[in-house]
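Reading the structure
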Amino acid sequence: MPLARIDVAAHTSAETVAAIGDVVYEAMINIANVPEHDRFQIIHRHAKDELVYPSAGYLGLTYTPDIIFIQITWVAGRTVEIKKAFYKAIADAIHTRTGLRKEDIWINLIDVKREDWSFGNGEMQYEPKE
Amino acid sequence: MPLARIDVAAHTSAETVAAIGDVVYEAMINIANVPEHDRFQIIHRHAKDELVYPSAGYLGLTYTPDIIFIQITWVAGRTVEIKKAFYKAIADAIHTRTGLRKEDIWINLIDVKREDWSFGNGEMQYEPKE
Amino acid sequence: MPLARIDVAAHTSAETVAAIGDVVYEAMINIANVPEHDRFQIIHRHAKDELVYPSAGYLGLTYTPDIIFIQITWVAGRTVEIKKAFYKAIADAIHTRTGLRKEDIWINLIDVKREDWSFGNGEMQYEPKE
């Protein structure tokens with residue numbers, strides 16, 4: 001169910017892009033109770049002036065042109081503690097596998113409802129719970 | 001009011017892209033009570049590694065590189081039954097008009113509020129209801 | 001915190017794109033109580049058939065191929081009055097600085113929660129309020 005939009009600089013290697021996608025999927029499975037094989041991701045590659053971050057940094061964090069934006073839409077219900085662990089797992093594993101700086105891993109979540117998804121065939125596969 | 005982001009493979013023909021946009025708009029009008037002429041759509045074309053789906057399939061559905069992601073932001077209030085009919089209308093009509101597989105039509109909805117829109121001129125055209 | 005996706009035609013000049021980003025950031029700071037340096041924006045450039053608007057116009061507004069779509073995800077809590085002032089500030093300032101028509105400035109907001117953000121380092125910088 002989650003749909004992850006991952007926005008990266010055009011200079012990011014295909015191997016790194018694939019690793020980021022793997023990490024996001026694995027963090028969903030291992031931490032956020034997402035079902036196996038529920039992997040839907042859209043990658044956007046961008047020219048240099050298309051990924052904008054504050055040159056002065058924000059909240060003590062600094063950014064580089066390698067910044068990765070990850071925006072995930074998923075069903076509401078994950079706790080604050082789960083979301084915290086999810087952010088940490090993604091930043092740690094992207095750093096370990098690709099060498100990208102953890103400060104450059106930027107994540108935003110959008111909670112929606114169970115009935116807001118059709119995974120194909122024109123059907124609503126997740127019936128809302130009573 | 002709805003904003004539809006439609007993400008397709010770069011190999012999708014311009015005719016097919018246009019037909020998908022037509023279908024999404026017509027399903028909004030015919031089923032989801034969207035006003036006439038309220039058609040705002042953003043198309044994103046993608047390289048092969050930029051549209052990611054599970055190679056094993058999901059929930060019994062299988063996907064191909066022709067997968068179409070449709071993510072719609074609109075005003076909350078549609079019922080579960082309307083959303084079901086909306087999904088079905090889109091998948092059926094895209095299949096009929098373009099030959100794309102219904103399993104490759106993937107849809108996600110994001111509900112927002114009436115005051116979350118400016119259609120131009122710097123105005124909030126939809127006043128919130130009391 | 002806000003993430004602004006700004007979708008523009010490929011023919012838009014780099015100077016205009018930069019000015020739009022400046023305006024959106026300044027309206028956040030001046031009107032919507034966004035902290036200084038909290039500037040995160042993703043620009044998408046599009047071919048002619050990728051930005052779709054009603055040729056008949058909508059609600060008395062008309063559009064041209066210069067249309068700019070601005071979709072902002074941010075923390076819920078801004079009032080209707082703030083949102084109104086925010087739309088006006090953006091359309092007015094983009095018009096003044098770039099000459100773009102105010103009718104071509106299209107804005108949508110998505111409200112999410114404080115815990116839905118990681119600005120880097122795998123941390124949840126905004127703890128939810130009790």
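Higher on the page you've got the structure.
Summary of the structure given here. Everything numeric here is computed off the predicted structure, so don't read it as measured data.

Rules and cut-offs
- Every chain is numbered independently, its residues counted from 1 as its sequence is written.
- Chain A is the first chain written and ligand 1 is the first ligand written, with later ones labelled in order.
- With the structure being a predicted model, the display of local features is reserved for residues of pLDDT at least 70 and the display and counting of side-chain atom pairs for 80 or more, all residues being used for whole-chain, interface and lining totals.
- Only runs of H or I of at least four residues qualify as helices and only runs of E of at least two qualify as strands under DSSP, and these elements are numbered from the N terminus.
- Our contact criterion uses C-beta atoms placed from the backbone: two residues qualify when those atoms are within 7 Å.
- Two strands pair if DSSP finds at least two bridges between them.
- Superposition of the copies used a least-squares fit over C-alpha atoms from residues whose pLDDT is at least 70 in both.
- In this usage, the nonpolar core is the set of buried Ala, Val, Leu, Ile, Met, Phe, Trp, Tyr and Cys residues whose C-beta atoms join them within 7 Å.
- Exposed residues have 12 or fewer other C-beta atoms within 10 Å of their own C-beta, buried residues have 20 or more, and residues in between are partly exposed; the C-beta atoms are placed from the backbone.
- Here an angle of 0 to 180 degrees is reported between the N-to-C directions of two axes, which are lines fitted to C-alpha atoms, with helices fitted over the stretch in contact.
- Call a crossover right-handed when, viewed with both strands pointing away from you, the route from the first strand across the helix to the second goes clockwise.

**Side note on the overall build of chain A**
Helix and strand counts for chain A come out as two helices and six strands. Seen through its principal axes, chain A has C-alpha atoms that stretch 50 × 30 × 25 Å.

**Thoughts on the interface of chain B and chain A**
Between chain B and chain A, the residue contacts involve 33 residues of the former and 28 residues of the latter. Elements supplying a minimum of two residues to the side of chain B that touches chain A: β3 (51-52), β4 (68-75), α2 (80-98) and β5 (105-112) of chain B. For strand β6 (residues 117-118) of chain A and β5 of chain B, the ladder comprises two bridges, and the chain directions are antiparallel. Across the sheet, the residue bridging to Ser118 of chain A is Ile107 of chain B, located in β5 of chain B.

**What to know about the relation of the copies chain C and chain B**
The transform that puts chain C on chain B rotates by 120° and translates by 0.0 Å along the axis, for an RMSD of 0.0 Å. Both copies are brought into coincidence by an operation consistent with a three-fold rotation axis. Comparing interface residues between copies, only 6% of those in chain C also lie at the interface in chain B; the contact surfaces differ.

**A look at the nonpolar core**
Core analysis: the biggest nonpolar cluster contains 125 residues, and Ile90 of chain A, Ile90 of chain B together with Ile90 of chain C have the highest contact counts within it. Setting aside residues up to four positions removed in sequence, Ile90 of chain B forms contacts with Gly122 of chain A together with Val23, Val24, Ala27, Ile105 and Ile107 of chain B.

**Let's talk about the relation of the copies chain B and chain A**
Overlaying chain B on chain A yields an RMSD of 0.0 Å, the required transformation being a rotation through 120° with an accompanying axial translation of 0.0 Å. Comparing interface residues between copies, only 6% of those in chain B also sit at the interface in chain A, which points to a heterologous contact through distinct surfaces.

**Here's the deal with the sheet that holds strand β4 (residues 68-75) of chain A**
As summarised here, the arrangement of the six strands in space is β3(B)-β2(A)-β1(A)-β4(A)-β5(A)-β6(C), forming an open sheet in which the pairing is mixed. Here the strands that pair on one side only, and so sit at the sheet edges, are β3 of chain B together with β6 (117-118) of chain C. The sheet contact formed by strand β1 (residues 3-9) of chain A and strand β2 (residues 40-46) of chain A spans seven bridges and is parallel. Across the sheet, Ile6 of chain A pairs through a bridge with Ile43 of chain A, a residue of β2 of chain A. Running at roughly 150° to β1 of chain A, helix α1 (residues 14-31) of chain A makes contact with β1, β2 and β4 of chain A together with β3 of chain B of the sheet. Running at roughly 145° to strand β5 (residues 105-112) of chain A, helix α2 (residues 80-98) of chain A makes contact with β4 and β5 of chain A together with β6 of chain C of the sheet.

**Focus on the pairing of β1 of chain A**
All names here are of chain A. By the criterion of burial, β1 is predominantly enclosed, with six of the seven residues buried. For β1 and β4, the ladder comprises five bridges, and the chain directions are antiparallel. Bridged to Leu3 within β4 is Thr73. Of the crossover connections in this fold, the one passing from β1 over α1 to the parallel β2 is right-handed.

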